[in-house]
Amino acid sequence: MPRAAKPQISFADWELLQQGILLEPLLQSISDFLDDHEEMIEAVRRDLERGLKNPGTGRSGLTPPQVLRSLILMRVKNWNYRELRERITDGYTLRQFTDFYCQPVPKHDAFNRAFNRLTPETLQAVNELVVQAAVDVGLEDGQRLRVDTTVVQTDIHHPTDSTLLWDVVRVVTRLVLRLSAAVQQRIQRFRNRTRAARRRMQEVQRMTPKERYERQTEKYRELIGVTEEVVNSAQKVVEQTRKARGKDLVAEMAIPALRKEIDHYCELGDRVIDQARRRVLQGEQVSTAEKIYSIFETHTDLIKRGKVLTPVEFGHKVFLAESAQGLITQYEVLEGNPGDDQQVEPSLARHQENFRRAPAVYSSDRGFFSETNVKSCKKKGVKVVCIPQRGGKKTVQRQAYEKSPAFKEGQRFRAGIEGRISVLFRGRGMKRCLAEGRRRFELLVGAAVLANNLMRIAAMLSKRSSRRRRAA
């Protein structure tokens, strides 16, 4: 549970501070900014106290400032949990930034548990507070807006019917063997078919195009049969162990969770079997909405964006809107693979909520183009609608407009969001989400955006103070 009060620094901390051990300038600017906006800490505190009967009692845990600052540091430096803990433990300046000072730093799993108590909605609210704070201090005016979409990958292997069937067999078998080791009674009528399934999966994977045409159906029929046998046997095992007792107290407590997990993967196994039978054996075209791409990350979407090097991507499409100062004022993890042109009107509405006016320049690539979107932008007061026409023959007026200096300048401005996406991928860990589940996926995106915005605000504040020192 979170401590209610900010811990008092020790005499050792005071002595080190007197010796002039200071943070690096950007981290110091971020720290000062967080100190000036306590409402962000309060949003984190509500999440940490959620579900606790009495937050004021119990063992002391990470404080809300420690959780928020550690999360920001982790994304700014693009570290994993173990490296985050080691760096904070070894470096006094990082202890100072994360509000630990000379206190013991918990293990990496404590950071993981604390971060997972946060909700995507809280990080969204904190990001909105950061943007609003930048507006209030005059760092951002919202006059120009550029938008784009990208794909953040989920942590899955490339899905094929054969590998998905193999995943079902090996996972269900492993769980049944764990259940068998936990219960007192002997599990009957369950055969370990992992070797047979692996061999058939490997045979399918190693086929040449000619062999695939001649023998694929036969091998898939065998692999589907093995998978169906394992799933049916596992469901009978769950029924057999409905009243089973464990070998000891630990096993007794583990049995319900194992039975629930077996049920979960058997349900997914039925979907994978049905999908493979329809696609391979019956030659049916299964719709994207019905397909499953991973039994571990079932929320994964298949995204096609017409890219030559990556024609198909697995993850989620993410919408980003960036201001002229590099602040990401809007972000959203989208459902499925909606067209980019569906994001224009909602992004304008959100921009008007944040800045009380429409941007003077709205810039995007041609994927966002539609006549409706262009008219909507003009109706809401956008002076330069910098969206290139997609498809169709351009009129003389349209050609002249797209060759105008204002439109070309808007397109040069638009290119900057590509660099921002690259920074989020390479520097903030947003390329691939290694955490499990849709909720943690959204947490990663929100934390990466928050780290980016705080770094941009820190850089702008540093430049402002430098100009003031030179002027003085």
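Structural data are supplied above this passage.
Residues numbered from 1 in each chain as written. Predicted model: local features only at pLDDT ≥ 70, side-chain atom pairs only at ≥ 80, totals over all residues. Heavy atoms only, no water.

## A few points about helix 16 (residues 405–414)
What counts is decided by this rule: Think of it in three bands: with a 1.4 Å probe and only protein chains considered, a residue is buried below 20% of the maximum accessible area for its type, exposed above 50%, and partly exposed in between. Runs of H or I in DSSP of at least four residues are treated as helices and runs of E of at least two as strands, each being numbered from the N terminus. Working note: the arc is built from the helix axis to C-beta atom directions. The criterion used for residue contact is that any of the two residues' heavy atoms lie within 4.5 Å.
Of all the positions in helix 16, only Phe407, Gly410, Phe413 and Arg414 are classed as buried. All buried residues of helix 16 project into a common sector of 115° when viewed along the axis, lining one side. Away from the buried face of helix 16 by more than 90 degrees, exposed residues Pro405 and Arg412 are located. If you follow the buried residues of helix 16, they end up packed against strand 1 (144–154), strand 3 (313–323), strand 5 (361–363), strand 6 (384–386), helix 15 (396–402) and helix 17 (416–427).

## Describing the packing of aromatic side chains
The test is simple: Planes of paired rings set the category: under 30 degrees apart is stacked, over 60 is edge-to-face and the rest tilted, where pairs are Phe, Tyr or Trp rings (Trp by its six-membered ring) whose centres lie within 6.5 Å.
Applying the stated criterion to the full structure yields seven aromatic pairs. Aromatic pair Phe111 and Phe115: ring centres 6.2 Å apart, planes at 50°, arrangement tilted. In this pair, Phe111 and Phe115 both sit in helix 7 (residues 108–116), four residues apart, roughly one turn of the helix. Residue classification places Phe111 among the buried positions, given a relative accessible area of 0%. For Phe115, a relative accessible area of 5% puts it in the buried group. Consider the rings of Tyr293 and Phe314, whose centres lie 5.5 Å apart with planes at 55°: the pair is tilted. Of the two residues, Tyr293 sits in the loop between helix 12 (249–281) and strand 2 (301–303) while Phe314 sits in strand 3, which places them 21 residues apart along the sequence. In this structure, Tyr293 and Phe314 share a single accessibility class: buried. Clustering of aromatic rings is evident, with ring pairs tying together Tyr81, Phe100, Phe111 and Phe115.

## Some details on unusual backbone geometry
One non-glycine residue with positive phi stands out, namely Asn78, at about 60°. When you line up the elements, Asn78 lands in the loop between helix 4 (64–77) and helix 5 (81–90). With a phi close to 65°, Arg356 is a non-glycine residue in the positive phi region. Along the chain, the position of Arg356 falls in the loop between helix 13 (344–355) and strand 5.

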